[in-house]
Amino acid sequence: MKRSPRPARLTLASLAVALGSGCGGEGGEPGVVELSLGHVGAPGSLYDVTANEFARRVNERLAGRAELHVYGASQLGGDDAMLQRLRLGTLDMSIPSTIMSSMVDAFGLFEMPYLVHDREHMKRIEEAVVWPDLAPRAEAAGYRILAVWENGFRHITNSRRPIRGPEDLRGIKLRTPRGVWRVKLFQALGANPAPMPFSEVFVALQTGVMDGQENPLTQVTSAKLHEVQDYLSLTGHVYSPAFVTTGAGPWERQPADIRAEVAAIAREMQAFVYETAARMDEELLAQLEATEMEINEADPARFETASEPIYEEFAASVSGGQALIDKAREAGTP
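Here the structure is a predicted model, which is why all the values come from computation and not from measurement.

### Some points on the overall build of the protein
Helices and strands together make up the secondary structure of the protein, namely 13 helices and 11 strands. Taken along the three principal axes of its C-alpha coordinates, the protein extends 60 × 45 × 30 Å. Scored against the burial criterion, the 334 residues of the protein give a buried share of 56%. Once local pairs closer than 6 in sequence are excluded, the contacts in the protein between residues at least 24 apart make up 76%. If you sum the accessible surface of the protein, you get close to 13400 Å²; carbon and sulfur atoms cover 50% of it. Positive and negative side-chain charges in the protein, numbering 33 and 45 respectively, have mean positions lying 3 Å apart.

Put into structure tokens, the structure is as follows:
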């Protein structure tokens, strides 16, 4: 699969656009509103491909009125730093995933293992849960959700042994994204989880600071994690949506017509995102099968049984948690 070109390194001028004048200002061509979008995905990742396509569509439709610049590969910092910039108005958009559960506890719903069956199920959860329940909670916390995209179905890689059931995770130092429920999940499964920015994962695995990590295949391959991992276990333990997100207050300062069109394009992008993600899952698994990694299927039933206490804790500790779980599960039936 052809990889997208690596983004150019930020110059002082482009950094100023991304973190200052371009966010809500007009730092480029006179009369053209400069918009910025940051993400953590490496070149060739699903984030990279979809963010660039989003920018292409925005720039084509809003030519002469607005221009969107994409800064990937954590050029503007990790997810937490970018979320802070959204609220400050020094970044217009980002695509957070797991970290949303650290900002708004109800987003921990998507940390519940094996909750989302497939992308069609996710579409129904979006309508039943995201827009009526989660988006207003995000708004109250200072964030506006424009659209629901994808990070993907997550699998475990490590350098010690195949993971077929929870017992195989015992003692494994596992990097997780920053999200309280992911840490709780892997603690319950017997691993030694530790949150870490994605930009630091390769070196941590290479040096043995971490034994393994869990991510969608697109993140594994684009970040070349297969070069420092011996085993890929197809657990599919969590499906992670990604949210095209702005700072609620700063976004209101943009012209209303531009806000409306950007939001519409972001939602229209979902079909492209899901189609691209499904294709990449097949292609990337074939690529990884051609490497020296040992690949195995895991037993989802054993993981589901071992992680049931996580559902119980979420239901008990998050306001309306049980109702969110029930709505998401009910959406599993068309």
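### A short note on the pairing of strand β7 (residues 192–195)
Across a regular strand the side chains alternate sides, sitting on one face of the sheet and then on the other. Where strand β6 (residues 173–176) lies against β7, 4 bridges are found, and the strand directions are parallel. Bridging across to β7, Arg175 finds its partner in Ala194.

### Brief notes about the pairing of strand β8 (residues 212–215)
Side chains of β8 alternate between two faces, with Gly212 and Glu214 and Gln213 and Asn215 buried alike. In this structure, strand β5 (residues 155–158) lies alongside β8, joined through 4 bridges in antiparallel fashion. For His155, the partnering residue across the bridge sits in β8 and is Asn215. Where β6 and β8 come together, 2 bridges link them in parallel fashion. The residue of β8 that forms the bridge with Arg175 is Gln213.

### Observations concerning the packing of aromatic side chains
Evaluated as defined, the whole model comprises 5 aromatic pairs. Both rings, one in Phe107 and one in Phe243, keep their centres 5.1 Å apart while their planes meet at 90 degrees; by these two values the pair is edge-to-face. With Phe107 in the loop between α4 (100–103) and α5 (119–140) and Phe243 in strand β10 (residues 239–247), this residue pair connects regions lying 136 residues apart in the sequence. With a relative accessible area of 2%, Phe243 lands in the buried category. Plain terms: the ring middles of Trp181 and Phe314 are 5.5 Å apart, the flat faces sit at 70 degrees to each other, and that makes the pair edge-to-face. Residue Trp181 is found in helix α6 (residues 180–188), and its partner Phe314 is found in helix α12 (residues 308–317); the two are separated by 133 residues along the sequence. Taken together, the aromatic side chains of Phe107, Phe110 and Phe243 make up a single cluster linked through ring pairs. For Arg267, the ring lying beneath its charged end belongs to Trp131, and the centroid distance is 3.9 Å.

### With respect to the side chain of Ser222
Secondary-structure assignment places Ser222 in helix α8 (residues 217–222). One polar contact links the side chain of Ser222 to the main-chain carbonyl oxygen of Thr218, over a distance of 2.7 Å.

### Some remarks on the pattern of salt bridges
Two side chains carrying opposite charge are able to pair once their charged atoms lie near each other. Under the counting rule described, the total for this entry stands at 22 salt bridges. Between Asp211 and Arg160 there is a salt bridge whose closest N-O contact spans 3.4 Å. Placement of the pair is Asp211 in the loop between α7 (201–207) and β8 and Arg160 in the loop between β5 and β6, with a sequence separation of 51 residues. Put simply, Lys184 and Glu313 hold a salt bridge, and the shortest N to O gap is 2.8 Å.

### Structural notes on the layout of surface pockets
Computed from the structure, the second largest pocket encloses a volume of approximately 320 Å³. Forming the boundary of the second largest pocket are 21 residues, of which Asp79, Arg175, Pro177, Arg178 and Phe198 lie nearest the centre.

### So, the sheet that holds β8
Ordered by their spatial adjacency, 6 strands build an open sheet running β7-β6-β8-β5-β9-β11, and the pairing between neighbours is mixed. Taken across any chain shown, the strands that pair with only one partner, and hence form the sheet edges, are β7 and β11 (294–297). If you compare each strand with its neighbour and ignore which way they point, the axes differ by 25 degrees on average.

### Considering empty space enclosed by the protein
Using the criterion set out here, one finds 2 cavities of 30 Å³ or more in the structure. By volume, the largest cavity amounts to about 60 Å³. As for the largest cavity, its lining consists of Ser97, Thr98, Met100, Ser101, Phe107, Phe110, Glu111, Ser240, Pro241 and Phe243. The set of elements that each furnish at least two residues to the lining of the largest cavity consists of α4 and β10. A volume near 40 Å³ is recorded for the second largest cavity. Around the second largest cavity, the lining residues are Leu46, Arg119, Glu150, Asn151, Gly152, Phe153, Pro216, Leu217, Thr218, Ala277, Met280 and Asp281. Mapped by element, the contributors of at least two residues to the lining of the second largest cavity are β4 (143–153), α8 and α10 (256–289). Looking at the lining of the second largest cavity, the element that brings in the most residues is β4, giving 4 residues.

### Topic: the environment of Ser199
With respect to the secondary-structure elements, Ser199 resides in the loop between β7 and α7. Residues Ser199 and Gly41, spaced 158 residues apart in sequence, show a C-alpha to C-alpha distance of 8.9 Å.

### Let's talk about the packing of α5 against α10
Where α5 meets α10, the closest approach of the two axes is 12 Å, and the angle between their N-to-C directions is 145 degrees. Taken as a pair, α5 and α10 cross one another with a handedness that is right-handed. The residues of α10 that touch α5, namely those facing Arg119, Met122, Lys123, Glu126 and Trp131, are Arg267, Gln270, Tyr274, Ala277, Ala278 and Asp281.

Analysis parameters
- Residues numbered from 1 in each chain as written.
- Predicted model: local features only at pLDDT ≥ 70, side-chain atom pairs only at ≥ 80, totals over all residues.
- Heavy atoms only, no water.
- Helix = DSSP H or I, 4+ residues; strand = E, 2+ residues; numbered from the N terminus.
- Buried < 20%, exposed > 50% of the residue type's maximum accessible area, 1.4 Å probe, protein only.
- Contact = heavy atoms within 4.5 Å.
- Areas by Shrake-Rupley, 256 points an atom, 1.4 Å probe, with all protein chains shown as cover.
- Lys, Arg positive; Asp, Glu negative; His and termini not counted.
- Charge placed at Lys NZ, Arg CZ, Asp CG, Glu CD.
- Pairing = 2+ DSSP bridges.
- Phe/Tyr/Trp six-rings, centres within 6.5 Å; stacked < 30°, edge-to-face > 60°.
- Lys NZ or Arg CZ within 6 Å of the ring centre and 35° of its normal.
- Polar contact = N/O pair within 3.5 Å; in protein donor to acceptor, adjacent residues only side chain to side chain.
- Salt bridge = Lys/Arg side-chain N within 4 Å of Asp/Glu carboxyl O.
- 1 Å grid on protein atoms, 1.4 Å probe; cavity = no way out; pocket = protein on both sides within 12 Å on 5 of 7 lines; lining within 4 Å.
- Points joined across faces, edges and corners; volume = space filled by probe spheres on them.
- Axes fitted to C-alpha atoms, helices over the stretch in contact; angles between N-to-C directions.
- Left-handed = near helix turned anticlockwise from the far one by under 90°.

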